[in-house]
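Residue-level structure breakdown
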Amino acid sequence: MSPRLRNQIRQRADFRCEYCHFPETVTELRFQVDHVLAEKHGGQAVLSNLSWACFRCNSHKGPNMAGLDEDTGKMARLFHPREDVWTQHFRWSGSRLVGKTSVGRATVAVLGINRLDVVLLRRSLMAEGIRF
Ligand SMILES: [Zn+2]
C-alpha cells in the first residue's frame with residue numbers, strides 16, 4: 001500500500017480508530033489499515049473498503065464479518081465504517097461503548113471494545129480531557 005493512500009485513510013478517519021474512536025495520538029500501538037470486507041472474502045484495497053483501525057480492534061476483527069448480538073441471540077453483521085453512521089450504532093456510557101443496534105452490539109462484542117483494560121485506559125484518558 002502506498003504511503004499516500006495510507007495517509008488519505010488516516011486523514012479521512014481524523015486520526016482515530018473508525019470502530020472505537022481511539023485517537024492514535026495517545027497510543028504507541030500502531031494503527032492499521034483495515035479491510036472492512038477482508039481480502040479472504042474478496043475485499044479489495046480500495047478507499048471504499050478501507051478504514052483506519054486501532055491495533056486492538058483490527059486484531060480482534062480479523063476476517064470476521066458478523067457476530068452475536070447478545071440482546072437478541074442472533075447473528076448480526078459488523079459495523080461498516082464506509083456505509084454506516086457511527087452515532088446511529090454506538091453511544092458512550094462513561095468509558096464503555098454501548099451498541100444501540102444489533103450491528104453496534106455485535107461489533108462491540110467481536111472487537112472486544114469493552115475489555116476491562118481498555119475501559120480503564122479510556123476512563124483515565126477521558127479524565128485527562130481526551131475526547132473519544
Ligand atoms: Zn479501535
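Cut-off values and rules
Residues numbered from 1 in each chain as written. Predicted model: local features only at pLDDT ≥ 70, side-chain atom pairs only at ≥ 80, totals over all residues. Heavy atoms only, no water. Helix = DSSP H or I, 4+ residues; strand = E, 2+ residues; numbered from the N terminus. Contact = heavy atoms within 4.5 Å. Areas by Shrake-Rupley, 256 points an atom, 1.4 Å probe, with all protein chains shown as cover. Salt bridge = Lys/Arg side-chain N within 4 Å of Asp/Glu carboxyl O.

Thoughts on the overall build of the protein
For the protein, the helix and strand inventory stands at five helices and six strands. N-terminal to C-terminal, the α/β element order of the protein is α-β-β-α-β-β-α-β-β-α-α. Seen along its three principal axes, the alpha-carbon backbone of the protein occupies a region of about 35 × 35 × 20 Å. In the protein, of all internal contacts separated by at least 6 residues, the share reaching a separation of at least 24 is 57%. Just so you have it, the protein exposes about 7,300 Å², and 51% of that area is on carbon and sulfur atoms.

Regarding the pattern of salt bridges
Side-chain pairing between opposite charges can occur once the charged atoms of the two side chains come close. Scanning the entire structure with this criterion turns up seven salt bridges. Across the pair Glu18 and Arg82 runs a salt bridge, and its minimum N-O distance is 2.6 Å. Taken as a pair, Glu18 in the loop between helix H1 (3-12) and strand S1 (32-35) and Arg82 in the loop between strand S4 (74-77) and helix H3 (86-89) lie far apart in primary sequence, 64 residues in all. Close ionic contact of Asp69 with Arg105 constitutes a salt bridge, the shortest N to O distance being 2.7 Å. Within this pair, whereas Asp69 is found in strand S3 (residues 66-69), its partner Arg105 is found in helix H4 (residues 102-110), the two being separated by 36 residues in sequence. Salt bridges sharing partners connect three or more residues here, namely Asp69, Asp71 and Arg105.

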